[in-house]
Amino acid sequence: MSGGMLILWKLGGVEVLLSFKGEGFLGIKVEWKGDIYYILNVYSSCVLAKKKVMWDNILLLKNSFCDGEWIIGGDFNSIKNPSERKGRRDGGLSNEVELFGKFIEDLDLVDIPCKGKKYSWYSGCGRAMSRIDRFLVSEAVVDRWCLVGQFIGNRDISDHCPVWLVKDNSNWGPKPFKFNNDWFSFPEFLPFVESEWKEMTVVGRPDFVLYEKMKRLKERLRWWNTSIFGKVDLDLEESLKEMNKGDSILEDVAEEDFLVSLQDRGEANKRIVEGENRSAKAGDLHSENSQLVV
């Protein structure tokens, strides 16, 4: 797998009781507000034989641990029906679709309705798109958390879109902070960080002091990014908007207009790559570049 998987949680928010892993997944058992949850992060192989092994192992785990509710999410690299894929030939896919559907049925979990984009993955050229990322949750989680769907948002540099579980009209807060590696190309950057860090006065426990200073430094780095890299970021943001707009058009465009729309979307994608080279050199697990999220 490209780089591995992570599960993050807020310290003090949940009590992690145990962690476990298998081929293609990473999981934790937590207690939250008196309830037990099993949370799995999935990153499946593209090979059907390996997918079947992963499905069998997850089913075995779920059937073995019945003392809590289950939330399974990630890149399953499979679709539930042909309408969840566009731009690629079947090539014997029908058997895999049927097997994946049976896997979901055997899990007895809910694939709650999808909102936002139709697809969660787009090829670099824009010719292919699929909904291969999703959440599968227990019915009790849907009721307990008042879930109304899973939302596929606009993608960034990654070829995958973020997917959130949606509770009513919850505000999901600000975008993650991204560290820009090109800041190091400026001789003034490290002295700026050192000066800002030393000037901060925070009193309390060591973990609290570190948290507060990191939070304040993040705001100062945002200022630095706006002042030094403002135009590059703006250009990149505009190109990302164009690319996501192109994604939406390609989702519904008729086959005879597909190539024309694809060319427009390709131009936006080219500008993004150029902006990437000038700016963050950041990516996701499917990229050779690196990204630090604070």
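To start, this report covers the structure provided alongside it. No experiment lies behind these values; they were computed from the predicted model shown. (Residues numbered from 1 in each chain as written. Predicted model: local features only at pLDDT ≥ 70, side-chain atom pairs only at ≥ 80, totals over all residues. Heavy atoms only, no water.)

### What about the overall build of the protein?
Part 1 of the argument: Across its full length, the protein holds six helices and eleven strands.
Part 2 of the argument: The 294 residues of the protein split such that 41% are buried.
Part 3 of the argument: Within the protein, residue pairs in contact and separated by at least 24 positions form 63% of the contacts whose partners lie at least 6 positions apart.
Part 4 of the argument: For the protein, the exposed surface amounts to about 17,000 Å²; the carbon and sulfur share of it is 55%. (Helix = DSSP H or I, 4+ residues; strand = E, 2+ residues; numbered from the N terminus. Buried < 20%, exposed > 50% of the residue type's maximum accessible area, 1.4 Å probe, protein only. Contact = heavy atoms within 4.5 Å. Areas by Shrake-Rupley, 256 points an atom, 1.4 Å probe, with all protein chains shown as cover.)

### Re the packing of helix H1 (residues 48-64) against helix H2 (residues 93-107)
Part 1 of the argument: Where H1 contacts H2, the two axes come as close as 10 Å, and the packing angle between them is 10°. Relative to H2, the element H1 is oriented roughly parallel. Facing Leu-48, Lys-51, Lys-52, Trp-55, Ile-58, Leu-59 and Lys-62 of H1, the residues of H2 in contact are Asn-95, Glu-96, Leu-99, Phe-100, Phe-103, Asp-106 and Leu-107.
Part 2 of the argument: For the contact of H1 with H2, a count of residues per class yields eight nonpolar, one polar and five charged. (Axes fitted to C-alpha atoms, helices over the stretch in contact; angles between N-to-C directions. Parallel < 35°, antiparallel > 145°, perpendicular 65-115°, else oblique. Nonpolar A, V, L, I, M, F, W, Y, C, P; charged D, E, K, R; others polar.)

### Remarks on the environment of Asn-63
Part 1 of the argument: Within the fold, Asn-63 resides in helix H1.
Part 2 of the argument: Taking the C-alpha atoms as reference points, Asn-63 and Leu-107, separated by 44 residues in sequence, lie 8.4 Å from one another.

### Looking at H1
Part 1 of the argument: The end-to-end C-alpha distance of H1 is 24 Å, a good match for the 24 Å that 17 residues give at a rise of 1.5 Å each.
Part 2 of the argument: Those residues of H1 not exposed but buried are Lys-51, Met-54, Trp-55, Ile-58, Leu-59, Leu-61 and Lys-62. The arc enclosing the buried residues of H1, seen along the axis, measures out at 160°, which places them on a common side. Structural note: H1 exposes Ala-49, Asp-56, Leu-60 and Asn-63 on the side pointing more than 90 degrees away from its buried face.
Part 3 of the argument: Those residues of H1 that are buried are in contact with strand S1 (15-22), strand S2 (25-32), strand S3 (35-43), strand S4 (69-75) and H2. (Expected span 1.5 Å × (residues − 1). Arc of directions from axis to C-beta.)

### So, a nonpolar patch on the surface
Part 1 of the argument: On the surface, Trp-9, Leu-11 and Val-16 cluster together into a nonpolar patch covering about 320 Å² of accessible area.
Part 2 of the argument: Within the fold, Leu-11 resides in the segment before S1.
Part 3 of the argument: For Leu-11, a relative accessible area of 77% corresponds to the exposed category. (Patch = residues over 30% accessible without salt bridge, like charges linked within 9 Å, V, L, I, M, F, W, Y side chains within 5 Å. Salt bridge = Lys/Arg side-chain N within 4 Å of Asp/Glu carboxyl O.)

### Considerations on the sheet that holds strand S7 (residues 121-122)
The strands that make up a sheet pair up through hydrogen bonds in the backbone, lying either parallel or antiparallel.
Part 1 of the argument: A sheet is described by the order of its strands in space; here three strands give the open sequence S5-S8-S7, paired in antiparallel fashion. Each end of this open sheet is capped by a strand with a single partner; those strands are strand S5 (85-86) and S7. (Pairing = 2+ DSSP bridges.)

### Quick notes on the side chain of Lys-51
Part 1 of the argument: Position of Lys-51 among the secondary structure elements: in helix H1.
Part 2 of the argument: Polar contacts involving the side chain of Lys-51 include one to the side chain of Ser-78, which spans 3.3 Å.
Part 3 of the argument: Filtering out sequence-adjacent residues up to four positions away, Lys-51 remains in contact with Ser-44, Ser-45, Cys-46, Phe-76, Asn-77, Ser-78 and Glu-96. (Polar contact = N/O pair within 3.5 Å; in protein donor to acceptor, adjacent residues only side chain to side chain.)

### Describing the nonpolar core
Generally speaking, soluble globular proteins have nonpolar side chains that are buried together.
Part 1 of the argument: Ranked by size, the top nonpolar core spans 20 residues in total, and within it Phe-25, Ile-58, Ile-72, Phe-103 and Leu-107 carry the most contacts.
Part 2 of the argument: When contributions to this core are tallied by element, the ones reaching two or more residues are S3, H1, S4 and H2.
Part 3 of the argument: With five residues, H1 is the largest single contributor of residues to this core.
Part 4 of the argument: Apart from residues no more than four positions distant in its own chain, Leu-107 is found in contact with Ile-58, Leu-59, Lys-62, Ile-72 and Leu-136.
Part 5 of the argument: Counting residues in each nonpolar core, the second largest holds 18 residues, with Ile-28, Tyr-37, Met-129 and Ile-152 among its members. (Core = buried A, V, L, I, M, F, W, Y, C linked by side-chain atoms within 4.5 Å.)

### A closer look at the pattern of salt bridges
Part 1 of the argument: Counted according to the given criterion, the structure contains twelve salt bridges.
Part 2 of the argument: The partner of Glu-96 in a salt bridge is Lys-51, and the shortest N-O contact between them spans 2.5 Å. Taken together, the residues span a long stretch of sequence, with Glu-96 in helix H2 and Lys-51 in helix H1 at a distance of 45 residues. For the pair Glu-96 and Lys-51, a shared accessibility class is recorded, and that class is buried.
Part 3 of the argument: For Glu-84, the salt bridge goes to Arg-134, with nearest N and O atoms at 2.6 Å. Separated by 50 residues along the polypeptide, Glu-84 in the loop between S4 and S5 and Arg-134 in strand S9 (residues 133-137) bring together distant segments of the chain. Arg-134 shares its class with Glu-84; the two are buried.
Part 4 of the argument: Connected through salt bridges with shared partners, the residues Lys-80, Glu-84, Asp-111, Arg-131 and Arg-134 form a single ionic network.

### Digging into the packing of aromatic side chains
Part 1 of the argument: A complete count under the given rule lists twelve aromatic pairs for this structure.
Part 2 of the argument: Its guanidinium or amino end placed over the ring of Trp-223, Arg-220 lies 4.8 Å from that ring's centre, counting from NZ or CZ. (Phe/Tyr/Trp six-rings, centres within 6.5 Å; stacked < 30°, edge-to-face > 60°. Lys NZ or Arg CZ within 6 Å of the ring centre and 35° of its normal.)

### Concerning the pairing of S1
Within a regular beta strand, the side chains point alternately toward one face of the sheet and then the other, so they alternate between its two faces.
Part 1 of the argument: Where S1 and S2 come together, seven bridges link them in antiparallel fashion. Among the inter-strand pairings, Glu-15 is bridged to a residue of S2, identified as Glu-31.
Part 2 of the argument: The turn linking S1 back onto S2 is made up of two residues, and Gly-24 within it adopts a positive phi angle of 95°.

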